[in-house]
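Chain by chain, the residues run as shown.
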Amino acid sequence: MILDELILPVLLVIVVLVVGAYLVAVLDEAIAGALGMPRATSVWTAPLAQGAWLLTQQANATEAPDWRAWRLAPALYLALAAIGLAVVPFSPTLIPTDLVTSVVLWGSVEALATVVIFLHGWSANTLLALIGAYRYVALGLSYILISMFVLIGVALPAESLQFSQVVASQEGLWNVIRQPLGLPLFLIVGLGMTFWGPLNLADSRDLARGTASAVSGPPRLVWNLARAAMLVPSAARRRAPSWAAG
Amino acid sequence: MDYPIGVDIAFLLLATLAVVSGWRVFATDSMVRASFFLLVSFIAVGVIMILLAAEYLGVAMFFMMAVEMMVMAIFMVMFMMNPAGLNPMMMVHQHKFSIAAGIAIFVVLAAVALLAEFPDSPLPADIDPVRSLGNELLGDSMLIFESAGIVLLTTMIGVVVLSSHRGRYGAAEEGSMPPGLVPGGDPAGMPEEEDEGGGHHHCH
């Protein structure tokens, strides 16, 4: 019982998180190469090489940061990604945790991510990181609002707050057809929440990488990993309908 | 009731976390830290509520408190004297009154916990807490919840309107300016004007 309900789901979440984050990094590298940006020789080894390089670097310090919050924030963001992934239904039988209120739990992951990203920028006690943090709060609150409408939109036809019920409700008609706006809005929220690509406004170039501007070494590795990992449950959540009809 | 020993262990750990982070709220020296310690405390209580099978209320606690504490931290930084939030500042005042009030409330709550007779009416195992909560919120008690919500909303707007009238450096309609570095001097922290002809002209 403890094997089925505790060890296997935790293993599944960790494996998907690590593999998914790696694939996100590979894709990112490939897209950057396709857009003509400077790229490594191999997209497959570049994320690993960069991760190994970050591990050997020194973690730098700023003047009087809030050490505990600064070091905890990347780890907490990674933990939130794991929590988000834990309620994703991979298949009709393969669900790490089929919580009755899993839709609401995903909403709370988004809200808590706002807190953690703010904390990451705020605790560095650096100007650009602080600007990035405040910028993300302003954006994050609007992302949450959009996401709530999308989540309510999938919960209403399912008459349930459980992701497995949401999937079951799409047996006849996919939500993509029933609510065409839901999917694009959710993808935008997913990109915004992980500030990836065009929506990278918290760690953007004009702020010299914003909340991560003063972070190097292993904490930076955790932060990068967490960002890539957070994209995995966001993407996985929308993949769910594709097997519902089968 | 039979439940695994893990529930007891989790309850003890979470209760300790809730109490310790609740205490840190008053022991820390920054408004932002205080908000987030309060958030940790509420999250611990939310997980305890999930242990008590209040699945919706527990999870709702997470996202409500996350947004609430985030907005509270921002508003405190906006309205308080110390804008940065990372600088240390005294977070408590009226010590004697608050100690007395804290002890009185603790005694009352402890007396309720120890002396009250809690109803012993186990619910059927197949009850759906989310559905019954929804029926309660949007059924017989809807008028109460909705009017409480409207009252809270108007209170919030009223408080912001009343408190934003007076800014950090004086009343809004008089034009708030930071005080000078010397008595009667020019406002501090204003950008220096680049005029070659001598004589500084500040816009007041």
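A quick note: this is a predicted structure, and the numbers were derived from the prediction, not measured.

Asks: Could you clarify how one ought to interpret the overall build of chain A in this entry?
Replies: When its secondary structure is counted, chain A shows 10 helices and 0 strands. Seen in sequence order, chain A has helices and strands lined up from the N terminus as α-α-α-α-α-α-α-α-α-α. Computed over the C-alpha atoms, the radius of gyration of chain A is 18 Å, within 12% of the 18 Å expected from 2.2 N^0.38 for a compact globule of 246 residues. Once the C-alpha set of chain A is aligned to its principal axes, its extents read approximately 55 × 45 × 35 Å. Sorting the 246 residues of chain A into buried and exposed places 49% on the buried side. Counting only carbon and sulfur atoms, one obtains 72% of the accessible surface of chain A, whose full area is about 11500 Å². Across chain A, the centroid of the 12 positively charged side chains sits 9 Å from that of the 12 negatively charged ones.

Asks: Please explain the confidence of the model for chain A as it appears in this structure.
Replies: For any part of a model where pLDDT is low, the fine detail of the predicted coordinates should not be relied upon. Across chain A, pLDDT averages 78, with 92% of residues at or above 70. Under a pLDDT of 50 for its full length, residues 239-246 of chain A has, in the predicted model, 15 contacts with residues more than four places off or in other chains.

Asks: Can you walk me through the packing of aromatic side chains in this structure?
Replies: Ring pairs (aromatic) are described by centroid distance and by the angle formed between their planes. One pass over the full model with this rule turns up 4 aromatic pairs over all chains. Aromatic side chains Phe118 of chain A and Tyr134 of chain A sit 5.5 Å apart centroid to centroid with 55° between the ring planes, which places their arrangement in the tilted category. Taken as a pair, Phe118 of chain A in helix α4 (residues 102-122) and Tyr134 of chain A in helix α5 (residues 127-158) lie far apart in primary sequence, 16 residues in all. When its relative accessible area of 26% is taken as the criterion, Tyr134 of chain A is described as partly exposed. Taking the centre distance of 6.2 Å and the plane angle of 55° together, the rings of Tyr136 of chain A and Tyr143 of chain A count as tilted. Under the relative-accessibility criterion, Tyr143 of chain A is labelled buried at 9%. An aromatic cluster of three or more residues is present, and its members are Phe118 and Tyr134 of chain A together with Phe36 of chain B. Its guanidinium or amino end placed over the ring of Trp23 of chain B, Arg24 of chain B lies 5.3 Å from that ring's centre, counting from NZ or CZ.

Asks: Is there a simple way to think about the interface of chain B and chain A in this case?
Replies: Taken together, the contacts link 23 residues of chain B with 24 residues of chain A. Roughly 2000 Å² is buried in total at the junction of chain B and chain A, and carbon and sulfur atoms are behind 82% of that figure. In this structure, Arg33 of chain B engages Asp66 of chain A in a salt bridge whose closest nitrogen and oxygen atoms are separated by 2.4 Å. The interface formed by chain B and chain A holds 1 residue pair in polar contact (both at pLDDT 80 or more) in total. The set of elements that each furnish at least two residues to the side of chain B that touches chain A consists of α2 (31-51), α3 (55-79) and α5 (129-137) of chain B. Split by residue class, the side of chain B that touches chain A holds 18 nonpolar, 2 polar and 3 charged.

Asks: In this structure, what is going on with the packing of α4 of chain A against α2 of chain B? I would like to understand it.
Replies: Helix-helix packing is described using two parameters, namely the angle between the two axes and the distance between the axes. Axis separation between α4 of chain A and α2 of chain B bottoms out at 12 Å; the angle between their running directions is 145°. In the crossing of α4 of chain A with α2 of chain B, the sense of the turn from one axis to the other is left-handed. For the pair formed by α4 of chain A and α2 of chain B, the contact residues are Leu112, Val115, Phe118, Leu119 and Trp122 of chain A on the first element and Val32, Arg33, Phe36, Leu39 and Ile43 of chain B on the second. Class assignment of the residues belonging to the contact of α4 of chain A with α2 of chain B gives a composition of 9 nonpolar, no polar and 1 charged.

Asks: Explanation requested: helix α1 (residues 5-27) of chain B in the structure shown.
Replies: Because the α-helix completes a turn every 3.6 residues, residues three or four places apart line up on one side. Residues and elements named next belong to chain B. With 23 residues, α1 should cover 33 Å at 1.5 Å per step; its first-to-last C-alpha distance of 33 Å lies within 8% of that length. Residues of α1 that are buried include every one of Leu14, Ala18, Ser21, Gly22 and Val25, and no others. Those residues of α1 that are buried are in contact with α2.

Parameters and conventions
Residues numbered from 1 in each chain as written. Chains lettered and ligands numbered in written order. Predicted model: local features only at pLDDT ≥ 70, side-chain atom pairs only at ≥ 80, totals over all residues. Heavy atoms only, no water. Helix = DSSP H or I, 4+ residues; strand = E, 2+ residues; numbered from the N terminus. Rg over C-alpha atoms; globule rule 2.2 N^0.38 Å. Buried < 20%, exposed > 50% of the residue type's maximum accessible area, 1.4 Å probe, protein only. Areas by Shrake-Rupley, 256 points an atom, 1.4 Å probe, with all protein chains shown as cover. Lys, Arg positive; Asp, Glu negative; His and termini not counted. Charge placed at Lys NZ, Arg CZ, Asp CG, Glu CD. pLDDT = per-residue confidence, 0-100. Contact = heavy atoms within 4.5 Å. Phe/Tyr/Trp six-rings, centres within 6.5 Å; stacked < 30°, edge-to-face > 60°. Lys NZ or Arg CZ within 6 Å of the ring centre and 35° of its normal. Buried area = accessible area lost by both parts, 1.4 Å probe. Salt bridge = Lys/Arg side-chain N within 4 Å of Asp/Glu carboxyl O. Polar contact = N/O pair within 3.5 Å; in protein donor to acceptor, adjacent residues only side chain to side chain. Nonpolar A, V, L, I, M, F, W, Y, C, P; charged D, E, K, R; others polar. Axes fitted to C-alpha atoms, helices over the stretch in contact; angles between N-to-C directions. Left-handed = near helix turned anticlockwise from the far one by under 90°. Expected span 1.5 Å × (residues − 1).

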